[in-house]
Amino acid sequence: MGFSLKIAFRFLKSNIGQTILIAFGIAIGVSVQIFIGSLIQGLQKDLVEKTVGSSAHVTILPEKNTGGISDYSSKVSEVLKVDGVKYVSTSVDKNAFLKSTNDSYPILMRGLNLNKANEIYKLDSRIIEGNKPSNDNEILIGTDLQKELECKIGDIYQIVTPEGIKKDFVISGIFDFKVAALNKLWIIANSNAVQQLFNLDGKVTSIEIQVNDVFAADSIATVFEQSNNNLVVQNWKAQNAQLLSGLTGQSISSIMIQVFVMISVVLGIASVLAISVSQKSKQIGILKAMGINNTKASLVFLFQGIMLGILGATLGIAFGLGLAWSFTKFAVTADGLPVIALYIDMNFILLSGIVAVMASSIASIIPAINSSKLDPMEVIRNG
Amino acid sequence: MAKIIELKSVSKTYEKGIKTKVLHDICLDFEEGSFSSIIGQSGSGKTTLLNIIGTLDKPSSGEIYIDGKRTDLMKKSELAFLRNKSIGFVFQFHYLLPQFTVLENVLLPYQINNKRTSKEAIERATELLNIVGLSDVINKNSGMISGGQQQRTAIARALMNNPKIILADEPTGNLDSESTENIYNILRDINEKFKTTFIIITHDRRIAEKADRIIEIKDGKIEMDLYK
């Protein structure tokens, strides 16, 4: 073992140019792998965060034609007991119209438990002007609707329900969810205001839940579904199947790129080491004549592969992290934030390194076998 | 004196391509501490004979005993171990490892089967290099010394594990006459000092005549076996 390691080390050291060249080859492979992996993971996390970061992951709706969930406080405490649930809020949602002097706009009145809903919707950071409603007469409107109405905080508008009930509300603030449809459709008030307007005393129209692991939303939804078979349970995964299949596709193509990068690295190492066996055949031959056995002779090349792998992987991790760092530093948007926030996962990076070392070891198997088979007589005869 | 090498009816046929019988029924033995030379024209089979004695090649038939142990039936790993302990080779070309210094090259046979290099081993290697007159270049890279020096390093290397047998195939084939003379004197000195058995292939009759015994091989048979 030690003897083979020593010879392997000397072989690599004596051919330092070749060694650096292969190590760089592996390093570039590993760094590309780390960079692409971190980029895709970051992209996916960003996309999922943008899609469901500020909305309900699981929504519990009442049975059809019941108008609402009446015993909602017991349901909420039941939901809170389930593992993986982060935030729970209730909401009273009803369609209505907002009247202006010469037009009326279809809207969705959302009566939220403003403190609880803040956790899910991050309302505080969404309000770009004014404040949250502080009483039952105040509402928040979206920035797109505000532009259309050309209104300002303190203006009073009438809201009409489909049943013809009318009530005046004061605009207390303006929100921006970065989605035009929501900014135009939603009107946010507190639950009481909406319950009163629609005569829904003691009832909510949905229980909204955020979970810790967004990808576990479907299994958590199933738990509720089984214990509450009279309620309708929805989860974001079922409603965003296309996004999810997009993410899966992206993951697969990322893995494909990584696999092919590794294959090219393996082929590179294998061919250089194979040449190295024939370059060093005289030396292997004389070592065999001196009594080195075939196992030790093959270990010389296996160790070279492993050492090249370790050297290349270490360099590659450094390059990859450097590349990721410069990407987040230089590929930035106008306001100085990275175009894509990379996700640096140390486990993934470590795995890439280990894969590179394993690939290099595998690449050295054929040269190692050739070295083991080498007949000292051939070398000496042709010497 | 005890017989260190014994060949009983050794034949060798190369099967690849055209069948060629290189050695015919060779029966030979060598006494411990003897100094023998093998001569013969190229293609006579002398190198094949030496390789078979040195366990680098296997006979097609016949038996070979080294130090009383039959080698033609041994496994490759056993042979490797036997070569390491009992046989030293000197070839026409030195085959030093250019990645190592002169001293490190001499130590290689020792390190193959010893995890740590003892102080005694280094002392022995240094002493052997002294004997072959290389004390000045001990730490030089083995690629940076002259051809004669390289061949003398190879001799020191062959002696490192204190083998009972040294097999040399045209050890001075690449050297000028002065170096050749020098190397033979070294080999004789070692033979006397360590009682190492020497078998040397040479095409140079002048050199062969310095040996205690001259064996001439012709067409795979022993043509002459002369003791002085």
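On a predicted model such as this, the values are computed, not experimentally measured, just so you know.

Participant: Could you give an account of the overall build of chain A, with specific residues and numbers?
Facilitator: For chain A, the helix and strand inventory stands at 16 helices and ten strands. Each of the three principal axes of chain A carries a C-alpha extent, and together these read 105 × 50 × 25 Å. The proportion of buried residues among the 383 residues of chain A is 40%. Across chain A, every contact between residues at least 6 apart in sequence was considered, and the portion connecting residues at least 24 apart equals 81%.

Participant: Quick one: what's the story with the overall build of chain B, residue by residue and with numbers?
Facilitator: Within chain B, the regular secondary structure consists of seven helices and ten strands. Relative to the 2.2 N^0.38 estimate, which gives 17 Å for 228 residues, the radius of gyration of chain B is 17 Å and therefore close to what a compact globule would have. In terms of its C-alpha atoms, chain B occupies a principal-axis envelope of roughly 45 × 40 × 40 Å. A total of 228 residues make up chain B; the buried ones form 47% of that total. A sequence separation of at least 24 residues applies to 69% of the contacts in chain B between residues at least 6 apart.

Participant: How would you sum up the interface of chain B and chain A? Please name residues and give values.
Facilitator: Reports often express the size of an interface as the amount of accessible area lost when the parts come together. Counting residues at the interface gives 22 residues for chain B and 19 residues for chain A. Broken down by class, the residue content of the side of chain B that touches chain A amounts to 13 nonpolar, five polar and four charged.

Participant: If you had to explain the packing of helix α3 (residues 102-112) of chain B against helix α4 (residues 119-131) of chain B to someone new, which residues and values would you point to?
Facilitator: Residue and element names in this part refer to chain B. Contact geometry for α3 and α4: axes closest at 10 Å, N-to-C directions at 120°. By the angle class used here, α3 and α4 are oblique. Crossing hand, α3 versus α4: right-handed. Judged by residue contacts, Val 102, Leu 103, Val 106, Leu 107 and Tyr 110 of α3 engage Ala 121, Ala 125, Leu 128 and Leu 129 from α4. Class assignment for the residues of the contact of α3 with α4 results in nine nonpolar, no polar and no charged.

Participant: So what about helix α1 (residues 2-14) of chain A? Which residues, and what values?
Facilitator: Residues and elements named next belong to chain A. Taking 1.5 Å per residue, 13 residues should reach 18 Å; α1 reaches 18 Å between its end C-alpha atoms and fits that length. For α1, the complete set of buried residues consists of Ser 4, Ile 7, Ala 8, Phe 11 and Leu 12. One face of α1 carries all of its buried residues, which in axial projection span an arc of 135°. Structural note: α1 exposes Gly 2 and Lys 13 on the side pointing more than 90 degrees away from its buried face. If you follow the buried residues of α1, they end up packed against α2 (16-52) and α13 (294-330).

Participant: Describe the sheet that holds strand β3 (residues 35-39) of chain B, and please don't skip the residues or the numbers.
Facilitator: Residues and elements named next belong to chain B. Taken together, the six strands give an open sheet; going across it, the order is β6-β7-β8-β3-β9-β10, and neighbouring strands pair in mixed fashion. Of all strands in the sheet, those with a lone pairing partner are β6 (87-90) and β10 (221-227), marking the two edges. Between one strand axis and the next, the sheet turns through 15° on average, direction left out of account. Relative to strand β7 (residues 165-169), β6 runs parallel, the two sharing four bridges. Bridging from a neighbouring strand, Gly 88 pairs with Ile 166 of β7.

Participant: Just give me the short version of helix α14 (residues 346-363) of chain A, but keep the residues and values in it.
Facilitator: Along its 18 residues, α14(A) runs 25 Å from first to last C-alpha, staying within 8% of the 26 Å computed at 1.5 Å per residue. The inward-facing, buried residues of α14(A) abut α2, α11 (241-279) and α13 of chain A.

Participant: Please provide a residue-by-residue account of the confidence of the model for chain A, values included.
Facilitator: Looking at chain A, the pLDDT average stands at 86 and 99% of residues meet or exceed 70. Across chain A, the element-wise mean pLDDT spans from 73 in helix α16 (residues 376-382) of chain A up to 92 in strand β5 (residues 138-142) of chain A.

Participant: Would you mind going over the nonpolar core in detail, with residue names and values included?
Facilitator: Grouped together as the largest cluster of nonpolar side chains are 109 residues, with contacts concentrated most on Ile26(A), Ile269(A), Val106(B), Leu129(B) and Leu167(B). It is α13(A) that contributes the most residues to this core, eleven residues altogether. Residue contacts for Leu167(B): discarding those within four places in its chain leaves Leu50(B), Ile53(B), Gly54(B), Ile87(B), Phe89(B) and Ile199(B).

Participant: Lay out the environment of Ser36(B) in plain terms, naming residues and giving numbers.
Facilitator: Residue and element names in this part refer to chain B. Within the element layout of this structure, Ser 36 appears in strand β3. Once the C-alpha coordinates of Ser 36 and Lys 210 are considered, the two residues, 174 residues apart in sequence, prove to be 9.1 Å apart. Every residue in contact with Ser 36, bar those within four places of it in the chain, is listed here: Phe 30, Phe 198, Ile 199, Ala 211, Asp 212, Arg 213 and Ile 215.

Participant: Which residues make up the packing of α1(A) against α13(A), and what are the values?
Facilitator: Residue and element names in this part refer to chain A. Contact geometry of α1 with α13 gives a least axis separation of 8 Å together with a crossing angle of 55°. The angle between the axes of α1 and α13 places the two elements in the oblique class. Considering only the axes of α1 and α13, their crossing is right-handed. Across from Phe 3, Ser 4, Leu 5, Ile 7, Ala 8, Phe 9, Phe 11 and Leu 12 in α1, the residues of α13 making contact are Lys 296, Leu 299, Val 300, Phe 303, Gln 304 and Met 307. Counted by class, the contact of α1 with α13 contains eleven nonpolar, two polar and one charged residues.

Participant: How would you sum up unusual backbone geometry? Please name residues and give values.
Facilitator: Working note: non-glycine residues mostly have negative phi, and peptide bonds are mostly trans. Residue and element names in this part refer to chain B. In this model, Ser 9 sits at a positive phi of 45°, which is unusual for a non-glycine residue. By the element assignment, Ser 9 lies in strand β1 (residues 3-14). Residue class for Ser 9 comes out exposed when judged on the 12 C-beta atoms lying within 10 Å of it. At Tyr 95, a residue that is not glycine, the phi angle is positive and equals roughly 50°. Among the structural elements, Tyr 95 can be located in the loop between β6 and α3.

Participant: Pulling in residues and values, what's your account of the sheet that holds strand β5 (residues 69-70) of chain B?
Facilitator: Strands pair in a sheet through their backbones, by hydrogen bonds, and they do so in one of two ways: parallel or antiparallel. Taken in spatial order, the four strands of this open sheet run β2-β1-β4-β5 (chain B), and their pairing is antiparallel. The sheet is open, and its two borders are formed by β2 (20-31) and β5 of chain B, each paired with just one other strand.

Participant: I'd like a rundown of the pairing of β5(A), residues and numbers included.
Facilitator: All names here are of chain A. Within β5, four of the five residues are buried, leaving the element largely enclosed by the surrounding structure. Here β5 runs beside strand β7 (residues 166-175); their pairing, made up of five bridges, is parallel. Bridge pairing links Glu 138 to Val 170 in β7. The pairing of β5 with strand β8 (residues 186-190) spans two bridges and is classified as antiparallel. Residue Ile 141 lies in a different strand from β8, and its bridge partner there is Ile 187.

About the cut-offs
- Per chain, residue numbering runs from 1 following the sequence as it is written.
- Think of it this way: whatever chain is written first is A, whatever ligand is written first is 1, and the rest follow in order.
- Per-residue local features of the predicted model are confined to residues with pLDDT of at least 70, and side-chain atom pairs are confined, for both listing and counting, to 80 or more; whole-chain, interface and lining totals are unaffected and use all residues.
- Helix and strand definitions follow DSSP, with helices as H or I runs of at least four residues and strands as E runs of at least two, each counted in order from the N terminus.
- Whether a residue is buried, exposed or partly exposed is read from the other C-beta atoms within 10 Å of its own C-beta, which are placed from the backbone; 20 or more gives buried, 12 or fewer gives exposed, and intermediate counts give partly exposed.
- Here contacts are defined at the residue level, using C-beta atoms placed from the backbone and a cut-off of 7 Å between them.
- Radius of gyration: C-alpha atoms only; globule rule: 2.2 Å multiplied by the number of residues to the exponent 0.38.
- Here the term charged refers only to Asp, Glu, Lys and Arg, the term nonpolar to Ala, Val, Leu, Ile, Met, Phe, Trp, Tyr, Cys and Pro, and the term polar to all other amino acids, Gly among them.
- Throughout, an axis means a line fitted to C-alpha atoms (over the contacting stretch in the case of helices), and angles, computed between N-to-C directions, take values from 0 to 180 degrees.
- Just so you know how the angles are binned, under 35 degrees is roughly parallel, over 145 roughly antiparallel, 65 to 115 roughly perpendicular, and the rest oblique.
- Two helices that cross are described as forming a left-handed crossing if the nearer one is turned anticlockwise from the farther one by less than a right angle, and a right-handed crossing if clockwise.
- By this rule the span expected of a helix is its residue count minus one, scaled by 1.5 Å.
- Directions drawn from the helix axis to the C-beta atoms are what define this arc.
- Whether two strands pair depends on DSSP finding at least two bridges between them.
- Confidence per residue, as judged by the predictor, is encoded in pLDDT with a range of 0 to 100.
- A set of buried Ala, Val, Leu, Ile, Met, Phe, Trp, Tyr and Cys residues, joined to one another through C-beta atoms within 7 Å, is what we call a nonpolar core.

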